[in-house]
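Tertiary structure, described
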Amino acid sequence: MQGTFAGFRTVCNQSEHKELESTPISSNKINVGQFLEAARKNKSFSFDIENDPSLNWRHAGFDILGMSVHTSGYGPFYLTDKSEITQILQLFKEPVLCVAHNAKYDIIGLIRSGLIDDCPLYICDTMCLVNVLDENLSPSDIGLKPTILREFEHKMIEFKDAISDGLHSQKFVEYAKEDAFWEYELFLRKKQEIDRDPELKQYFFNVLMPGMKAFIDIRSEEHTSELQSRFGISYAVFCLKKK
């Protein structure tokens, strides 16, 4: 497995605690060089993939429609140009924290679409982070939309509304950008919470995230099925609550 636990903690500790604006407003014209510079400075960025709802990463020939990204002070952006996406994905191999909500889906999707070969070096799954910070939440409470509504009193765009004008409409672009924005906003808030509990922070960074990396470091659906069958595990295992 790439990266050390100590290095993982270092990257997380260096990530900024800045509060973001309350609404994700930006141009969708990204300067990739500027984004990379900002993400490296912040030691973190969020990402979220979008795909045709009729397919998922278990289907042969799976491909993504685009990827939204955000970092403090720059974004959010929705990218459909594969060359731009590939440049952003350089960050997966660097000491930069890659933030996503239910990261398994996004990372496996990127692997299955051929855009990456391995898991990011450092991951923060905000769904797991929300779960370990509040053991009373039910599975239906830890999705991104209910979490943002509960934490920020902001109602996010629903998928059914986003696709009403088509998968390439401006409405869908705003939907995609909103996901990346609020994932990063949630990360900044929850990181401050877990920083106040050293024991829980150690559990999250030393056990859950490296464990999740081991689970999703795969290259084929067959490998996924084999792991689940052999060990009787699912992604939820890595979101178990601390006893």
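What this report covers is the structure whose coordinates are included nearby. (Residues numbered from 1 in each chain as written. Predicted model: local features only at pLDDT ≥ 70, side-chain atom pairs only at ≥ 80, totals over all residues. Heavy atoms only, no water.)

Looking at unusual backbone geometry
For clarity, the threshold we go by: A run of H or I in DSSP becomes a helix once it reaches four residues, and a run of E becomes a strand once it reaches two; helices and strands are each numbered from the N terminus.
In this chain, G75 is followed by P76 through a cis amide linkage whose omega measures 5°. Along the chain, P76 turns up in strand β3 (residues 74-79). Positive phi, normally seen in glycine, also occurs at N102, with a value near 60°. Mapping N102 onto the fold places it in the loop between β4 (97-100) and α4 (103-112). For E153, which is not glycine, the phi torsion reads 55° and is therefore positive. With respect to the secondary-structure elements, E153 resides in the loop between α6 (144-152) and α7 (159-162).

Details of the sheet that holds strand β1 (residues 44-50)
Under the convention used in this document: For two strands to be treated as a pair, DSSP must find at least two bridges joining them. Here, axes are lines fitted to C-alpha atoms. For helices the fit covers the stretch in contact, and angles between N-to-C directions go from 0 to 180 degrees. What makes two residues a contact is simply this: any of their non-hydrogen atoms within 4.5 Å.
With mixed pairing, five strands are arranged side by side in an open sheet as β3-β2-β1-β4-β5. Only two strands of the sheet have a single partner each, and these edge strands are β3 and β5 (123-125). Strand-to-strand twist across the sheet, computed as the mean angle between neighbouring axes with direction ignored, equals 20°. The pairing of strand β2 (residues 66-71) with β3 spans four bridges and is classified as antiparallel. The residue of β3 that forms the bridge with T71 is Y74. Against the sheet, α4 contacts β1, β2, β4 and β5, and its axis sits at roughly 70° relative to β1. Relative to the sheet, helix α5 (residues 126-133) contacts β4 and β5, its axis offset from that of β5 by approximately 55°.

Observations regarding the nonpolar core
Note the cut-off: As used here, the term nonpolar core means buried Ala, Val, Leu, Ile, Met, Phe, Trp, Tyr and Cys residues forming a set that is joined through side-chain atoms within 4.5 Å. Exposure classes here rest on a 1.4 Å probe applied to the protein chains alone. A residue is buried below 20% of its type maximum, exposed above 50%, and partly exposed in between.
Membership of the largest hydrophobic core comes to 54 residues, with the highest contact counts inside it found for F35, F45, F47, V69, I88, L110 and F204. It is helix α9 (residues 198-216) that contributes the most residues to this core, nine residues altogether. What L110 contacts, discounting residues up to four positions off in sequence, is F47, I49, I64, M67, L89, F92, L115 and I116.

These figures capture arrangement, not role.
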